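So you can see what is in the structure, the chains are spelled out below.
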Amino acid sequence: MGNYLRHLRRRRPKRLADQYARPGRDQRVAVIGLGRFGSSLAHELTRRGWDVLGIDADAHVVQQHSDTLTHAASADCTDPEVLRQLGVHEFSRAVVGIGTEIEASILISSNLLEAGVPNIWAKAISRQHGQILERLGVHHVVLPEHEMGERVAHLVTGRMLDFIEFDDDYALVKTVVPDIATGVPLGQSRVRSKFGITVVGIKRPGQDFTHATAETVVERGDVIIVTGKTQAVEAFAELS
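Residues numbered from 1 in each chain as written. Predicted model: local features only at pLDDT ≥ 70, side-chain atom pairs only at ≥ 80, totals over all residues. Heavy atoms only, no water.

Chemist: Please set out the pairing of strand β6 (residues 119-123) residue by residue, giving values where relevant.
Modeler: In the sheet, strand β5 (residues 93-96) pairs with β6 via 4 bridges, with the strands oriented parallel. Across the sheet, Ala94 pairs through a bridge with Ile120, a residue of β6. With respect to chirality, the unit in which β5 leads through helix α5 (residues 102-114) into the neighbouring parallel β6 is right-handed. Bridge count for β6 against strand β7 (residues 140-142) is 3 bridges, and the pairing is parallel. Note on β7: the bridge partner recorded for Ala122 is Val141. (Pairing = 2+ DSSP bridges. Helix = DSSP H or I, 4+ residues; strand = E, 2+ residues; numbered from the N terminus. Right-handed = clockwise from strand over helix to strand, strands pointing away.)

Chemist: I'd like a rundown of the pattern of salt bridges, residues and numbers included.
Modeler: Counted according to the given criterion, the structure contains 8 salt bridges. Close ionic contact of Arg84 with Glu81 constitutes a salt bridge, the shortest N to O distance being 2.7 Å. With a gap of 3 residues between them, Arg84 and Glu81 both fall in helix α4 (residues 80-86), about one helical turn apart. Of the residues examined, Arg84 reaches a relative accessible area of 47% and is grouped as partly exposed. Residue Arg204 pairs with Asp222 through a salt bridge whose shortest N-O separation is 2.9 Å. (Salt bridge = Lys/Arg side-chain N within 4 Å of Asp/Glu carboxyl O. Buried < 20%, exposed > 50% of the residue type's maximum accessible area, 1.4 Å probe, protein only.)

Chemist: Explain unusual backbone geometry to me, using residue names and the numbers behind them.
Modeler: When glycine is set aside, most residues are seen to have a negative phi, and most peptide bonds are trans. Look at Arg190: it is not a glycine, yet its phi comes out positive at around 55°. In this fold, Arg190 is placed in the loop between α8 (186-189) and α9 (191-195).

Chemist: Got a sec to walk through the environment of Val223? Specific residues and values, please.
Modeler: Relative to the elements of secondary structure, Val223 occurs in strand β12 (residues 223-229). Using a relative accessible area of 15% as the deciding quantity, one classes Val223 as buried. For the pair Val223 and Arg204, spaced 19 residues apart in sequence, the C-alpha separation works out to 6.5 Å. Excluding anything up to four places from it in sequence, Val223 contacts Leu161, Lys174, Thr175, Val176, Gly201, Ile202, Lys203 and Phe209. (Contact = heavy atoms within 4.5 Å.)

This is the structure in structure tokens:
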């Protein structure tokens, strides 16, 4: 297969994977680029029992991860023949974790698309990079640094304890309940009709989160989970 496969390492299937894998479900994924983002993702997937093939052009980097990933290989995936010989075209999922080398990111993503991999995630380092990947046909584009910056900005400037935004301008927010929603059942507080948000969870001091219903009475100091349009949940959190 050539010198690029010299550093391929194989491990026995994990008992955890054998015990918990869903019958008929393909739990194999190729992670290309084992930098901070790619290696973190690869190790988390491995921990969850997935069969992970980690690939990087740097043989030293591959050596660092070869004992913890299911498979690891040193290879230049900008060459479509390399991907074929590694068998990546047989995987149902692949992640391109390369960000700083935009040309390599685009070439590898294009090779994966040409190989017919049905689910491709790719890291982008800018909106423009992400747009190029989307135009290529990459199924999922991730901007980890940008998205983390936006999330932290919400936490720094607002009253939110946590913030997650989805692609369709929909957000999930953890915040202290504002006084306007306390003392009466949520159904009577009419927060959904007044503010366009839905309270889906509640946590009292010293207790675990529980599911919120229309009959739930929220008290001052409770922490709630709220969903809705991003602008609506931002405005609601500012009331606290």
